[in-house]
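# A closer look at the structure
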Amino acid sequence: MAVLGQNFPAAAAVEWYGGSVTTWTSPGDALTYGGYAANAGFTAPGSSDWLILTGYGFAVPPDCEVTDVAVHARASNGTGDPAVLRVKLQSTGIGVGTEKDSGQLPYVWADAVFAGGPSYWGIPLTAAVVNDPSFGVRVRAVTEADGMDVKIDTVTVAVTYDDGYVVTGSFSLHVRRG
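The rules behind each value
- Residues numbered from 1 in each chain as written.
- Predicted model: local features only at pLDDT ≥ 70, side-chain atom pairs only at ≥ 80, totals over all residues.
- Heavy atoms only, no water.
- Phe/Tyr/Trp six-rings, centres within 6.5 Å; stacked < 30°, edge-to-face > 60°.
- Buried < 20%, exposed > 50% of the residue type's maximum accessible area, 1.4 Å probe, protein only.
- Helix = DSSP H or I, 4+ residues; strand = E, 2+ residues; numbered from the N terminus.
- Lys NZ or Arg CZ within 6 Å of the ring centre and 35° of its normal.
- pLDDT = per-residue confidence, 0-100.
- Salt bridge = Lys/Arg side-chain N within 4 Å of Asp/Glu carboxyl O.
- Core = buried A, V, L, I, M, F, W, Y, C linked by side-chain atoms within 4.5 Å.
- Contact = heavy atoms within 4.5 Å.
- Polar contact = N/O pair within 3.5 Å; in protein donor to acceptor, adjacent residues only side chain to side chain.

## Re the packing of aromatic side chains
- Throughout the structure, instances matching the rule amount to four aromatic pairs.
- Seen in terms of ring centroids, Tyr 56 and Phe 58 are 6.4 Å apart; in terms of plane orientation they differ by 15 degrees. Their pairing is stacked. Here the two residues Tyr 56 and Phe 58 agree in accessibility, since each one is buried.
- Measuring from centroid to centroid gives 6.5 Å for Phe 58 and Phe 135, while their planes differ by 65 degrees, and the two rings are edge-to-face. One end of the pair, Phe 58, is in the loop between strand S6 (50–54) and strand S7 (65–76); the other, Phe 135, is in the loop between helix H2 (127–131) and strand S11 (136–143), with 77 residues separating them in the sequence.
- The exposure class assigned to Phe 135 is buried, which follows from its relative accessible area of 1%.
- Ring pairs connect the aromatic residues Tyr 56, Phe 58 and Phe 135, which therefore count as one cluster.
- Over the ring of Tyr 17 we find Arg 140; its NZ or CZ atom is 4.0 Å from the centre of that ring.

## Observations regarding the confidence of the model for the protein chain
- Looking at the protein chain as a whole, the pLDDT averages 89, with 92% of positions reaching at least 70.
- When mean pLDDT is compared element by element in the protein chain, S6 scores highest at 97, while strand S1 (residues 2–7) scores lowest at 86.

## Quick word on the pattern of salt bridges
- For the coordinates displayed, the defined rule picks out five salt bridges.
- The partner of Glu 15 in a salt bridge is Arg 138, with the nearest N and O atoms 3.1 Å apart. You can see Glu 15 sitting in strand S2 (residues 11–15) and its partner Arg 138 sitting in strand S11, a full 123 residues away along the chain.
- A salt bridge links Asp 101 to Arg 86; the shortest N-O distance between them is 3.2 Å. Taken together, the positions of Asp 101 in strand S9 (residues 94–101) and Arg 86 in strand S8 (residues 83–91) put the pair 15 residues apart, joining distant regions of the chain.

## Thoughts on the nonpolar core
- Formed by 44 residues in total, the largest nonpolar core has its most connected members in Val 69, Val 71 and Leu 89.
- Going through the elements one at a time, strand S4 (38–42), S6, S7, S8, strand S10 (110–116), H2, S11 and strand S12 (148–162) are the ones with two or more residues in this core.
- Take this core: its biggest share by element is seven residues, from S12.
- Here Leu 89 is in contact with Val 69, Val 71, Ile 94, Gly 95, Val 96, Trp 121, Ile 123, Leu 125, Phe 135, Gly 136, Val 137 and Arg 138, once residues within four sequence places are set aside.

## Regarding the environment of Thr 156
- Looking at where Thr 156 falls in the secondary structure, it is placed in strand S12.
- C-alpha of Thr 156 to C-alpha of Val 113: the two residues are 43 residues apart in sequence and 9.8 Å apart in space.
- Residues contacting Thr 156, with those up to four places away along its chain left out, are Gln 6, Asn 7, Phe 8, Tyr 56, Ala 70, Val 71 and His 72.
- Within the structure, the side chain of Thr 156 is placed 2.8 Å from the side chain of Gln 6, a separation counted as a polar contact.

Written out as structure tokens, the structure is:
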């Protein structure tokens, strides 16, 4: 097994979500850790538009099986009112697979983690899929409150794949003091 990541995205965009009540401001602020954040300011209960993050730059060897995709969304809900993130994978310009729910976001910055293999995400995960520059994550915020902000600092992705190698053997460790 080999792991690539936690990779940061290279591009951010916003896509309308039918029935949304707010959009993301400063989506590019979700490309790096720390500093500024993408923000969805809610004036009514409901859902935000999709925040789409792509260009994770994976290079899984073509003959390897992708066994896991782990998404870490660093987010806060700003007011403490109930809010969740909903996450889907992005491939060839569209959202694919099963939408996942973060559970309630905390008031303080924390990582919402979504991780699993093809059955968790509901789509086949191949080297070609995760290596494609359009591969990524789409995120939307959902709340039952108004007057709140949901912020996303960054969304990183790690990919685990089976490279067919099995490492066996032993080693010894010699410690010299002094």
